[in-house]
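Each chain is listed here by its residues.
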Amino acid sequence: MGNSLKIEGLSRNFGSVIALDDFSLTIKKGELVSLLGPSGCGKTTALRIVAGLERASSGEITLNDKKITDVPAHKRNMGMVFQSYSLFPHLTIEENVAFGLQMRREPKEKRIGKAGELLELVGLTTQHKRFPHQLSGGQQQRVALARALAIQPEVLLLDEPLSALDAQVRQNLREEIRRLQVELNTTTLFVTHDQEEAMAISDRVGVMSHGKLEQIDTPDELYNRPATLFVASFIGAMNRIPTQLKDGEVEVLGEKHSVKNHNEKDGNVTALIRPESIELLHDSTYHNAVVVTRSFLGASSRITVRIGDGSILQSLMPSSDSMELHPGDLVQAVITDKKVLITNA
Amino acid sequence: MMNFRKNLDANIALAIAAIFLFLPLIAATEFSLRDGGTEKHSLISYRWILDQSGFSENLGITMRVMALAVILTLVLMVPTVTWLHLGGEKYKRLIDVLTMLPLIIPVVALATGAQLALPGFVHGTVYELSFLYVVVSMPYTYRALDIGMSARPLATLVAAARNLGASWINVMLRVIVPSILPSIFAALFMTITLSLGEFTLAQLLHWNTFPTWITNISQQNILGATALAVGSLFFAWVLLYIFTFLDRQPTQSAVNEE
Ligand SMILES: Nc1ncnc2c1ncn2[C@@H]1O[C@H](COP(=O)(O)OP(=O)(O)OP(=O)(O)O)[C@@H](O)[C@H]1O
Ligand SMILES: [Mg+2]
């Protein structure tokens, strides 16, 4: 399996705004990589440069070992789905899906056959003679996906294709995107600012901040071994407890823990603890926290407690284990992880 | 009850507006159909127009001037407004103001001033009127196109088309033009009606066109002049109808639910 798409040292500035800063990324054939990051961090810019819709100030893009940095957008054979609705309003659904094939001068029967095939894949066979404004938002994005896939793209580029849809549709459609992507083995770059979405469907997730790629890893690695403080606090909830590092150990909530990342210097550090790693013991005789709130989330509950120094911690526990906890109760908060993550920031 | 009241008010307002618009029209039509001073009705006044010498020549001139004005509007205005919407945004304010100028500058100044700026090969030909008509109709054509494009996510449509393999010429002809077709028709309608009715510039520059010819002959025959006015109005309506018909995008009401 060769590398499909290789992005090296991409930079782009708009006036004094640096949208992309030495951005590099390699995607393997058939892999789905997400770019995740806060608004304005350069996700769309990266995608548009890959598609050839935007110029890079510097950097190189290689597709299947061929440099494509200077290839114009319409010759790149990449399918893109946009954040806002982008169907051609004057064409029917079928004509929209067949547009890319028409541009490639495919004969009419072949265009219609292929369009029908793709509309079936996205479950819109009966709508093919309709016009875009007659479809719901979710249906329009399905058509946009079919249209992008119809050209059998070398790379599929998705720019927050689900952000305009409501939660239920969003969840269904993201599973469908993943299913199709795996089925067709299409190399895919997916942009989103919804971490749950990125974590749910990606082979790897790249976390971006201020035009830079902070870390790229599998969802599990990102969650359990964030490389930077930004990634740690961006992915999932994280409790931050100030403490001291000495001889590779930190004391948190009255107990010593060894640290996961050894590269920090001794002195003042912050321990980063996931809510699900904090357990609250109700029947302990030792108390170091008082319950502030408990919110029921279904299988689990989120409990906030106040500790000795006055700061608030979040704990995520199975609802069955936390039924007895009420605001004002004294509890013992313990960290269930053997090793903890620290940062000196 | 409230609803009924509301509907009633709306209907009354509509009726008054309709009377205001159509009564003079109906009266003019009736008048133009009178047979001399008698009570009888006939097409005699319309026939009279056709019998005047110069009818077809002058109409021909105006048609050719109009055709060139239409082509120029298409070729100059559509790409310009497209560009303003796809990256030239920072010039939009300026152009908004510039396109209003033909309404402010007196026609006399425009006529002499614009003549200086016209390309050499149209100098001394009646086609210099075409260029002036493009300028004079610009406040309307520009706005029609601008509104049409604002209503479409043009930048995204262009990006999608490029991404799907469309060359720039295909982007223009297969995506931009068809998706803003109604407003292109609206813009052309402005140019056409202006070309068909413009008198002052043609007179100032000493060109004989259909409107100047009409003005001359109508001084001899008031019934004939009315017939002309009614005739051109119906012509404009027919044009409007054709343009609506040519636009294949279905309206919401034309949707057939399966
Ligand atoms: N055409 C442009 N002109 C000027 N600045 C731009 C342009 N496009 C992007 N930028 C700037 O570049 C930065 C990155 O923008 P980009 O659209 O890539 O962010 P994003 O990560 O996609 O954000 P979002 O999640 O809001 O879509 C932003 O600060 C933005 O203001
Ligand atoms: Mg974006």
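Remember, it's a predicted structure, so these values are computed and weren't measured experimentally.

## Some details on the site of ligand 1
All names here are of chain A.
Right, on to step 1. The environment of ligand 1 is formed by Phe14, Val17, Ala19, Ser39, Gly40, Cys41, Gly42, Lys43, Thr44, Thr45, Glu160 and His193.
Right, on to step 2. Take Gly40: an N or O atom from its main chain is 2.8 Å from an oxygen atom of ligand 1.
Right, on to step 3. In this structure, Thr45 approaches ligand 1 through a side-chain N or O atom, which is 2.5 Å from an oxygen atom.
Right, on to step 4. Protein chains shield 61% of the accessible area of ligand 1, which is 630 Å² for the free molecule.
Right, on to step 5. Considering each element in turn, the shell around ligand 1 owes the most residues, three residues, to helix H1 (residues 43–51).
Right, on to step 6. Classifying every residue of the shell around ligand 1 gives four nonpolar, six polar and two charged.

## Things to note about the sheet that holds strand E19 (residues 330–335) of chain A
By definition, the strands of a sheet pair up through backbone hydrogen bonds, in either a parallel or an antiparallel sense.
Residues and elements named next belong to chain A.
Right, on to step 1. Taken in spatial order, the five strands line up as E15-E19-E16-E17-E18 in an open sheet, and their pairing is antiparallel. A strand with exactly one partner marks an edge of an open sheet, and here the two such strands are strand E15 (278–281) and strand E18 (312–318). The average undirected angle you get between the axes of adjacent strands in this sheet is 40 degrees.
Right, on to step 2. Of the pairings in the sheet, the one linking strand E17 (residues 300–307) to E18 comprises seven bridges and is antiparallel in character. Counted as the bridge partner of Arg306 is Ile312 from E18.

## Topic: the nonpolar core
A general feature of soluble globular proteins is that nonpolar side chains tend to end up buried together.
Right, on to step 1. By size, the foremost hydrophobic cluster in this structure holds 66 residues, and its most contacted members are Leu5(A), Phe23(A), Phe88(A), Phe99(A) and Leu157(A).
Right, on to step 2. When residues in this core are grouped by element, the largest group, seven residues, is from helix H10 (residues 181–197) of chain B.
Right, on to step 3. Those residues in contact with Leu157(A) that sit more than four places away from it in its chain are Leu47(A), Val50(A), Ala51(A), Met78(A), Gly79(A), Met80(A), Val81(A) and Leu189(A).
Right, on to step 4. One finds Leu87(A), Ala144(A), Ala146(A) and Ala148(A) within the second-largest nonpolar core, a separate group that totals 28 residues.

## Digging into the pairing of strand E10 (residues 212–217) of chain A
Two faces, one strand: in a regular strand the side chains alternate between the faces of the sheet.
Right, on to step 1. Sheet topology note: the strand E9 (residues 204–209) of chain A/E10(A) ladder contains five bridges and is antiparallel. Bridged to Val205(A) within E10(A) is Asp217(A).

## Topic: the pattern of salt bridges
Right, on to step 1. Evaluated as defined, the whole model comprises 17 salt bridges over all chains.
Right, on to step 2. Because the salt bridges share partners, they merge into one network encompassing Arg12(A), Arg48(A) and Glu54(A).

## So, the sheet that holds strand E14 (residues 267–273) of chain A
Right, on to step 1. With mixed pairing, five strands are arranged side by side around a closed barrel as E11-E12-E13-E20-E14 (chain A). Taking each pair of neighbouring strands and ignoring which way they run, the sheet shows an average axis angle of 50 degrees.

## Observations regarding the interface of chain B and chain A
Right, on to step 1. Contact residues are listed per partner, giving 26 residues for chain B and 32 residues for chain A.
Right, on to step 2. Around 2400 Å² of area is buried between chain B and chain A when both sides are counted, 60% of it from carbon and sulfur atoms.
Right, on to step 3. Summed over the shared surface of chain B and chain A, the number is zero salt bridges.
Right, on to step 4. Along the contact surface separating chain B from chain A lie five residue pairs in polar contact (both at pLDDT 80 or more).
Right, on to step 5. Secondary-structure elements contributing two or more residues to the side of chain B that touches chain A are helix H8 (154–163) and helix H9 (168–179) of chain B.
Right, on to step 6. At seven residues, the largest contribution of residues to the side of chain B that touches chain A is made by H8(B).
Right, on to step 7. Taken together, the residues of the side of chain B that touches chain A break down into 11 nonpolar, nine polar and six charged.

## Some thoughts on the confidence of the model for chain B
Right, on to step 1. Mean pLDDT over chain B stands at 85; residues scoring 70 or higher make up 93%.
Right, on to step 2. Scoring the predicted complex yields pTM 0.79 and, for the interface, ipTM 0.81.

## Observations regarding the packing of aromatic side chains
Right, on to step 1. Applying the stated rule across the entire model yields seven aromatic pairs over all chains.
Right, on to step 2. Considering the side-chain rings of Phe55(B) and Phe210(B), the 5.7 Å spacing of their centres and the 80 degrees angle between planes classify their relative orientation as edge-to-face. Residue Phe55(B) is located in helix H3 (residues 55–85), and its partner Phe210(B) is located in helix H12 (residues 210–218); the two are separated by 155 residues in the primary sequence. Side by side, Phe55(B) and Phe210(B) carry an identical accessibility label, which is buried.
Right, on to step 3. Summarising the aromatic geometry, the rings of Phe55(B) and Trp213(B) are spaced 5.7 Å apart at their centres and angled 70 degrees between planes, so their arrangement reads as edge-to-face. Here Phe55(B), found in helix H3, pairs with Trp213(B), found in helix H12; they are 158 residues apart in sequence, far enough to count as distant.
Right, on to step 4. Relative accessible area serves as the criterion here: at 8%, Trp213(B) is assigned to the buried category.
Right, on to step 5. Grouped by ring-pair contacts, the aromatic residues Phe55(B), Phe210(B) and Trp213(B) constitute a single cluster.
Right, on to step 6. For Arg147(A), the ring lying beneath its charged end belongs to Phe88(A), and the centroid distance is 4.7 Å.
Right, on to step 7. The positively charged end of Arg274(A) is found above the aromatic ring belonging to Tyr223(A), 3.8 Å away from the centroid.

## Details of the pairing of E19(A)
Residue and element names in this part refer to chain A.
Right, on to step 1. Counting buried residues along E19, five of its six residues qualify, which places the element largely inside the surrounding structure.
Right, on to step 2. Alignment of strand E16 (residues 289–296) against E19, held across two bridges, turns out to be antiparallel. Bridge pairing in E19 links Val290 to Leu330.

Definitions and cut-offs
- Residues numbered from 1 in each chain as written.
- Chains lettered and ligands numbered in written order.
- Predicted model: local features only at pLDDT ≥ 70, side-chain atom pairs only at ≥ 80, totals over all residues.
- Heavy atoms only, no water.
- Near = heavy atom within 4 Å.
- Polar contact = N/O pair within 3.5 Å; in protein donor to acceptor, adjacent residues only side chain to side chain.
- Areas by Shrake-Rupley, 256 points an atom, 1.4 Å probe, with all protein chains shown as cover.
- Helix = DSSP H or I, 4+ residues; strand = E, 2+ residues; numbered from the N terminus.
- Nonpolar A, V, L, I, M, F, W, Y, C, P; charged D, E, K, R; others polar.
- Pairing = 2+ DSSP bridges.
- Axes fitted to C-alpha atoms, helices over the stretch in contact; angles between N-to-C directions.
- Core = buried A, V, L, I, M, F, W, Y, C linked by side-chain atoms within 4.5 Å.
- Buried < 20%, exposed > 50% of the residue type's maximum accessible area, 1.4 Å probe, protein only.
- Contact = heavy atoms within 4.5 Å.
- Salt bridge = Lys/Arg side-chain N within 4 Å of Asp/Glu carboxyl O.
- Buried area = accessible area lost by both parts, 1.4 Å probe.
- pLDDT = per-residue confidence, 0-100.
- Phe/Tyr/Trp six-rings, centres within 6.5 Å; stacked < 30°, edge-to-face > 60°.
- Lys NZ or Arg CZ within 6 Å of the ring centre and 35° of its normal.

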